[in-house]
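Spelled out, the chains give:
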Amino acid sequence: MADPETPKPQPQAGEPGTIAVTVGEKSAAHATYQPEQTGAPPKLRVSHLSVTYIDRKGNRTEAVRDVSFDVYDKPQSGEVIVFLGPSGCGKSTILKAVAGLLPPTEGEVLVDGKPVTDVGRDRGMVFQAYTSFGWLTVRDNVEYGLRLQGMAKKKRREVSDKILQQVGLADFADRYPKDLSGGMKQRVAIARTLVNNPRVVLMDEPFGALDPQTRWGMQSLLLDVSRAENNTILFVTHDVSEAVYLADTIYVLSARPARILHQVDVPAFPVHDIALKSALEFRAVEKKLLDLIYAPK
Ligand SMILES: Nc1ncnc2c1ncn2[C@@H]1O[C@H](COP(=O)(O)OP(=O)(O)OP(=O)(O)O)[C@@H](O)[C@H]1O
Ligand SMILES: [Mg+2]
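Remember, predicted model here, so these are calculated numbers, not experimental data.

The next subject is helix 1 (residues 91-99). Most of helix 1 sits out of view: 8 of its 9 residues are buried. All of the buried residues along helix 1 are Lys91, Ser92, Thr93, Ile94, Leu95, Ala97, Val98 and Ala99. One or two residues past the end of helix 1 sits Gly100, with phi positive at roughly 85 degrees.

Right, here's the structure in full:
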């Protein structure tokens, strides 16, 4: 039981564009999950997560209800978990709870067996809107987290050179975000998150505003980077094709409040290129998802 005298954890504003919010009063004050005695705890455990927002007038909006899933570490291969659900169902809320930007109303989030109570370097989030610092160059944006960690200038430069190359922005290192296209800005946001090599990367519809061609390029880039760096990525979208292309596992969510309706394990396709999207085995998974989404409730 939470001690009524204990102040509720305060929401954190961790990134530009983030707003602090108030959530329901039953915030979990104590962790209940204990790592198993044998074997490592899951890399990420979301256990009975529920979030209810309360606005200034006291109106309640139940956004997430009893969501539970585990992600285990898969060394030598990145892992992408996709949340697919209708607009307004609670997808961003799930990611923000995992990021530590808002405390659960009920349930808990654990990374490597440790309860999440705040934002932390083990988790990095790419937001729905572009969130680079406008007053810093592309390179300084990318190096921002490394500078906070106290990394020496020469090493920072090495690391930022590598990631800027990976996201195709090496020639734009000295430019400011205002001089970049939407897709390029989003690549800066992705680079500045991935460069810190967080255990868990949270991506909230990062490609939503991009044209199909740029979007496809970004999806391929993301898979390449996650495999190279062994990242676990939680990725939110309402695009079925994007979900199948990126995911190892897809959770299909209900309308608000978000609940997990279905888990779909996507087969490992032998090659990942644009031709895959019209391949029969790819279309079969898309169809399965569409059937699940549009099946009569
Ligand atoms: N800060 C807040 N205060 C009150 N209600 C909120 C707040 N943020 C979100 N909500 C409500 O919670 C519900 C879920 O919002 P959320 O942003 O998680 O949905 P979403 O699935 O990410 O939607 P979209 O696909 O449109 O981005 C919505 O009804 C929304 O109005
Ligand atoms: Mg959202």
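Past the structure itself, the notes keep going.
Now for the site of ligand 1. The full set close to ligand 1 counts 16 residues, and Ser87, Gly88, Lys91, Ser92 and Thr93 are the nearest of them. Residue Ser87 places a side-chain N or O atom 2.7 Å away from an oxygen atom belonging to ligand 1. If ligand 1 stood free it would expose 630 Å²; the protein chains cover 71% of that surface. Elements supplying a minimum of two residues to the shell around ligand 1: strand 2 (60-71) and helix 1. Tallying contributions element by element places helix 1 first for the shell around ligand 1, with 3 residues. Its residues assigned to classes, the shell around ligand 1 comprises 5 nonpolar, 8 polar and 3 charged.

Our next topic: the sheet that holds strand 5 (residues 114-115). Strand order in this open sheet of 4 strands is 2-1-4-5, and the pairing throughout is antiparallel. Only two strands of the sheet have a single neighbouring strand rather than two, namely strand 2 and strand 5. Note that strand 1 (residues 44-54) and strand 4 (residues 106-111) share 5 bridges and pair antiparallel. Pairing of Val46 across the sheet is with Val109, part of strand 4. Seen against the sheet, helix 1 touches strand 1, strand 2 and strand 4 and runs at an angle of roughly 115 degrees to strand 1.

Tallied over the full model, the rule gives 12 salt bridges. Lys155 is paired through a salt bridge with Glu158; the nearest N and O atoms lie 3.5 Å apart. With Lys155 and Glu158 both in helix 3 (residues 153-166) and 3 residues apart, the pair spans about one turn of that helix. Judged by relative accessible area, which is 45%, Glu158 ranks as partly exposed. Between Arg283 and Glu286 there is a salt bridge; the shortest N-O distance is 3.6 Å. Here Glu286 and Arg283 lie together in helix 7 (residues 280-294), a separation of 3 residues that amounts to about one turn. When its relative accessible area of 44% is taken as the criterion, Arg283 is described as partly exposed. The buried category is assigned to Glu286, whose relative accessible area is 14%.

Procedures and definitions
- Per-chain numbering applies: the sequence of each chain, read as written, is numbered from 1 onward.
- For naming, the first written chain is A and the first written ligand is 1, with later ones following in the order written.
- The predicted origin of the model limits local features to residues at a pLDDT of at least 70 and limits the giving and counting of side-chain atom pairs to 80 or more, whereas totals for whole chains, interfaces and linings rest on all residues.
- The side-chain figures draw on all heavy atoms in the structure; neither hydrogens nor water molecules are used.
- The cut-offs for exposure are 20% and 50% of the maximum accessible area for each residue type, with area from a 1.4 Å probe on protein chains only; residues under the lower value are buried, those over the upper are exposed, and the others partly exposed.
- Here a strand is any run of E in DSSP of at least two residues, a helix any run of H or I of at least four, and the numbering for each starts at the N terminus.
- Put simply, a residue is near a molecule or strand once any heavy atom of it comes within 4 Å of that molecule or strand.
- Distance and chemistry together define a polar contact, namely a pair of N or O atoms within 3.5 Å, with one atom able to donate a hydrogen and the other to accept it when in protein, and with adjacent residues in sequence counting only for side-chain atoms on both sides.
- Accessible areas in this description were obtained via Shrake-Rupley with a 1.4 Å probe; residue shielding takes into account the shown protein chains only.
- Residues were grouped as follows: Ala, Val, Leu, Ile, Met, Phe, Trp, Tyr, Cys and Pro as nonpolar; Asp, Glu, Lys and Arg as charged; and all remaining residues, including Gly, as polar.
- Note: two strands are recorded as paired if DSSP finds a minimum of 2 bridges between them.
- In this description, contact between two residues means that some pair of their heavy atoms is separated by no more than 4.5 Å.
- To obtain an axis, a line is fitted to C-alpha atoms, over the contacting stretch when the element is a helix, and the angle between two such axes runs from 0 to 180 degrees between their N-to-C directions.
- In the sections that follow, a salt bridge refers to a side-chain nitrogen of Lys or Arg positioned within 4 Å of a carboxyl oxygen of Asp or Glu.

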